[in-house]
Amino acid sequence: MSAGPTFLEEPVGLRQLVIDAWSWLNYKPVMADAGRPGSRAFPELAKMWVPSQELRRLAAYKALAAYDNNQAGQLAALGSDESALERRELGDAANLVDTALGYLLGSEQKVAVEGAEHADEQTPTPGAAEAAAVQKRLREWADKELLTFRVQQAERAAVLLGDSVMVLAWNPEKQRPTFRVYDPGFFFPQWDDDADDDFPSRVHLAWELPADDDAGLKARVRRVTYELGPISEGGEAAEEGSAGARTYPWEPGRASNTTCYLTDAEWLLEDLKNGETLDRLPMSKASYRVGADGTELNRLDLMVDFVPVVHIANTIPDGGEHWGRSVLARVLQALDELAATDSDSSAASATTGTPIIGLAGARLPVDRATGRPQELQVKAGAVWQLGETGRMDALDTSPQLAELRARVDHLLERIAANSRVTAAGLGTLDATEVPSGYALKLALGPLDGLIGMMRLAREHKYRLLFKMVQRLYQAGRAEGWTAGETLPARLAWAPHTPTDRGAVLEEVVKAYGAGVLSLETAVTMLLEAGYPIKDASQEVERIRAKAQQEAEVRMAEAAARRGRDEDEEDQEDEAGPGAGEERKAVKRESQREPVGSGR
């Protein structure tokens, strides 16, 4: 269970010091109010149905989204910093997020079932054929559900906001589980105070629906609830005959009295009173939605014993916490400094290109209509008449501009270092500064650690996702999915940095030739190195088929040569012993290389 924020009481008249998972945003005025953070900047958070303990998390999501959309200046202006509206934001925050996302995802992602790689071996391991069949079906599901696209949706939200939410649902028409990504601001898990589980037994997905005057709809809040609970008496009985229990296909022989209920309802905002927060909405005023088959979605039994919702954290949460941290978290103040420096640099470049000029003893032209001196303009071809003691002085701001540009470079280096994306990862490292490939590898070391940590934080969640997919197929009694234990599957990532393919190829050839690597392992290494291999098992089949074909050709050629030699021997026997020696001498002479052939 989350430990929650810590409030350190200060003397009267001073602000509170809040230490929690979003403390890195405390310097922002919108997060200064510990009781109602972001209420001034984000009025939608002031709704009475939003739980107070979730306000800091939701306000943090809003602030991070502002940085991603070049609106950090507008956010600062809401905190009484009017000058922030003039700041130049050039997409540095979004670039950092997209760069980290690209390294996290790699060039591709594939579903991999443990043991499937051994199905094509000459002596496959037990269960390998079944694992290969499940892997094929999961990859077909991934293609139909646009898994790569959905993963990129979910992961960008996770990298930017720190969290992301994926939801599965069985679609009886398509006969497969559907996969959808939700904004983490809609996600409200309910943790039991006494429970020591890794996953909540009750989850809300809630958001506000605005009023639609044309359709005659008032403002309302929609809440989708997944909740684990005991099977009702009307539920399917287990084989043992015990009421209120059933046997799930992924655990044959074991009766369970737990199922997941789905409730999808709406409430009018005008019907809600103070204290009726998200987990206390009055069910008597609820309007339930109806499914595609006409079933009212009020505690609908989903016939599964798990909540089909997967929460992804961008980083490994601290002990007692559940939420991840954005890749921007540690460098937000540096991004503010960068925007301010860019603005100052822009102002300095204006005075450098069009300098401020002071004139003494100049004869100014007079406006004939008003009789007043006209204002001089600095432009190409301008001629000013100066008296005998006249003087012109120009304000040179180029040194300040150079200093500001140097500061921009310094801030970019600081952001690259503190975010662990590194200058090499961001592409700002000068290639001439890298003496060798080993030096580049050392420069990318922090990025390797960052991506390794981010992928580790997701490893279990994607295993859980594919476990749910298999079980939904089994619960839906889809064709080809029989009862039995769920096979472990994972999301395989491609390398996040370029690989020396030549070195890998040389290593694979030597190791396979020496017999210390199997063909399957060798092909897998080439696949991970970036060679254009679509499927390792199919590539192994093609290699073996080609090797067998070449062996058959060699055997046929050897048999043909033996046949010719036997015919020649028979002819020699018929012609006598001298004819054979003469024929061999002619053959040797014809095979001798001419003296001038190499010239």
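Residues numbered from 1 in each chain as written. Predicted model: local features only at pLDDT ≥ 70, side-chain atom pairs only at ≥ 80, totals over all residues. Heavy atoms only, no water.

### Quick notes on the pattern of salt bridges
Piece 1. Counting across every chain of the model gives 22 salt bridges.
Piece 2. As a salt-bridge pair, Glu-539 and Arg-542 come within 2.6 Å of each other at their nearest N and O atoms. Placement of the pair is Glu-539 and Arg-542 together in helix 13 (residues 536–575), with a separation of 3 residues, close to one helical turn.
Piece 3. The partly exposed category is assigned to Arg-542, whose relative accessible area is 45%.
Piece 4. Sharing partners across several salt bridges, the network here consists of Asp-68, Asp-98 and Arg-156. (Salt bridge = Lys/Arg side-chain N within 4 Å of Asp/Glu carboxyl O. Helix = DSSP H or I, 4+ residues; strand = E, 2+ residues; numbered from the N terminus. Buried < 20%, exposed > 50% of the residue type's maximum accessible area, 1.4 Å probe, protein only.)

### Observations concerning the pairing of strand 3 (residues 109–113)
Piece 1. With 4 of its 5 residues buried, strand 3 lies for the most part within the structure.
Piece 2. Where strand 3 meets strand 17 (residues 489–493), 5 bridges bridge the pair, whose relative direction is antiparallel. If you follow Lys-110 over to strand 17, its bridge partner there is Ala-492. (Pairing = 2+ DSSP bridges.)

### Quick word on the sheet that holds strand 4 (residues 163–171)
Piece 1. Judged by pairing direction, the sheet is antiparallel, and its 3 strands sit side by side in the order 5-4-14 without closing on themselves. In this open sheet, the two strands that pair with only one neighbour each are strand 5 (176–182) and strand 14 (309–313). Neighbour-to-neighbour, the strand axes of this sheet turn through a mean angle of 25°, independent of strand direction.
Piece 2. Here strand 4 runs beside strand 5; their pairing, made up of 7 bridges, is antiparallel. Each residue of the ladder has a partner; that of Ala-169, found in strand 5, is Thr-178.
Piece 3. Contacts from helix 5 (residues 147–161) reach strand 4, strand 5 and strand 14 within the one sheet, and its direction differs from that of strand 4 by about 150°. (Axes fitted to C-alpha atoms, helices over the stretch in contact; angles between N-to-C directions. Contact = heavy atoms within 4.5 Å.)

### Looking at the environment of Ala-66
Piece 1. Tracing the chain through its elements places Ala-66 in helix 1 (residues 55–68).
Piece 2. C-alpha separation for the pair Ala-66 and Ala-93, spaced 27 residues apart in sequence, amounts to 9.8 Å.
Piece 3. Once residues within four sequence positions are removed from consideration, Ala-66 is found in contact with Gln-71, Ala-72 and Leu-75.

### Section: the confidence of the model for the protein chain
Piece 1. Chain-level pLDDT for the protein chain is 83 on average; 85% of the residues reach the 70-or-more range.
Piece 2. Counting contacts from residues 7–14, a segment whose pLDDT is below 50, to residues more than four positions away or on other chains yields 11 contacts. (pLDDT = per-residue confidence, 0-100.)

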